[in-house]
Amino acid sequence: MAEEGGIQVYALEYRLAPEWKYPTQLHEVEATLRWLHSHASERGIDPNRIAVGGDSAGGNMTAVTALRMREMNGPKIALQLLVYPECKVPFETQSGAENCTGLYLETQGVLIFAWNMLPQGKNHTDYDITPLLADKTLTNGHKNLPKAFIITNGFDPLRDTGFEYAKKLKEAGNEVLYVNHEDLTHGFIQFTKWSKRAMDETVEMARVVGRELGV
């Protein structure tokens, strides 16, 4: 991301479930974003060109952070990068049925993640767990959010919910870049050592982010 996008990259090693449950991770993402904004000048950063991004669960936290910052009038986010994000549990989707087993992320595995992440009594349909449903609980729904760059994959149980999130953001009047790689699977950015195809798309993702941030 740094080399191909020409950008500074801050990788957050947030605390993990099940030892640390929701909302610990969201607070750490928010604290990092606020720190970058307040220390922008000393870090050589333009505070108006800060992106937040992540893959899978990180994509979920990115989407939720964008929603939270809007609700709290928090720091500006120039771009939200959602790489095969978990926007809603995929149990009722075609992609969840097609990719239920054998392709790295398995549909049933998402239930295990939720079981370990959510404290007892937390409603999994709340927007800060399921951003796809933000229009059910927030007055502004999906309106007035940062530009989104959303990437999904054909062989991924999260494909359809990622597409639906892109659709909802677009319908709410937000700028959206959406790409679906029909021949890739969940987690492809981890496979660049072994797959030229995965490497090519990871490099392209970084370059797009650089261009969107005006580098």
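Calculation criteria
Residues numbered from 1 in each chain as written. Predicted model: local features only at pLDDT ≥ 70, side-chain atom pairs only at ≥ 80, totals over all residues. Heavy atoms only, no water. Pairing = 2+ DSSP bridges. Helix = DSSP H or I, 4+ residues; strand = E, 2+ residues; numbered from the N terminus. Axes fitted to C-alpha atoms, helices over the stretch in contact; angles between N-to-C directions. Contact = heavy atoms within 4.5 Å. Buried < 20%, exposed > 50% of the residue type's maximum accessible area, 1.4 Å probe, protein only. Lys, Arg positive; Asp, Glu negative; His and termini not counted. Salt bridge = Lys/Arg side-chain N within 4 Å of Asp/Glu carboxyl O. Polar contact = N/O pair within 3.5 Å; in protein donor to acceptor, adjacent residues only side chain to side chain. Expected span 1.5 Å × (residues − 1). Phe/Tyr/Trp six-rings, centres within 6.5 Å; stacked < 30°, edge-to-face > 60°. Lys NZ or Arg CZ within 6 Å of the ring centre and 35° of its normal.

**Some thoughts on the sheet that holds strand 3 (residues 147-155)**
The strands that make up a sheet are held in pairs by hydrogen bonds between backbone atoms, and each pair lies either parallel or antiparallel.
Point 1. With parallel pairing, 4 strands are arranged side by side in an open sheet as 1-2-3-4. Both edges of this open sheet fall to strand 1 (51-55) and strand 4 (176-185), since each of them pairs with a single strand only. On average, each strand axis in the sheet is tilted by 10 degrees relative to the strand beside it, whichever way the strands run.
Point 2. Packing of helix 8 (residues 159-171) onto the sheet brings it into contact with strand 2 (79-83), strand 3 and strand 4, and relative to strand 3 it is tilted by some 155 degrees.

**A word on the side chain of Glu86**
Point 1. When you line up the elements, Glu86 lands in the loop between strand 2 and helix 5 (94-98).
Point 2. No salt bridge is formed by the buried Glu86, whose closest oppositely charged neighbour, Lys88, lies at an N-O distance of 8.2 Å.
Point 3. At 3.2 Å, the side chain of Glu86 forms a polar contact with the backbone nitrogen of Val89.
Point 4. In contact with Glu86, not counting residues within four places along its chain, are Ser56, Asn60, Ile129, Pro131 and Leu158.

**Focus: helix 8**
Point 1. Between the first and last C-alpha of helix 8 there are 19 Å, a value that for 13 residues agrees with the 18 Å anticipated at 1.5 Å per step.
Point 2. The set of residues buried in helix 8 consists of Arg159, Asp160, Thr161, Gly162, Tyr165, Ala166, Lys168 and Leu169.
Point 3. One or two residues past the end of helix 8 sits Gly173, with phi positive at roughly 95 degrees.

**Brief notes about the packing of aromatic side chains**
Point 1. As enumerated under the stated definition, the model contains 3 aromatic pairs in all.
Point 2. If you follow Arg15 out to its NZ or CZ, it ends over the ring of Trp20, 4.2 Å from the centre.

**A short note on the pattern of salt bridges**
Point 1. Throughout the structure, instances matching the rule amount to 17 salt bridges.
Point 2. With a closest N to O distance of 2.7 Å, Glu30 and Arg68 form a salt bridge. Taken together, the residues Glu30 in helix 2 (residues 24-38) and Arg68 in helix 4 (residues 57-72) connect sequence positions 38 residues apart.
Point 3. Accessibility expressed as a relative area gives 11% for Glu30, which makes it buried.
Point 4. For Arg68, a relative accessible area of 13% translates into the label buried.
Point 5. Through salt bridges that share partners, Glu30, Arg34 and Arg68 make up one connected network.

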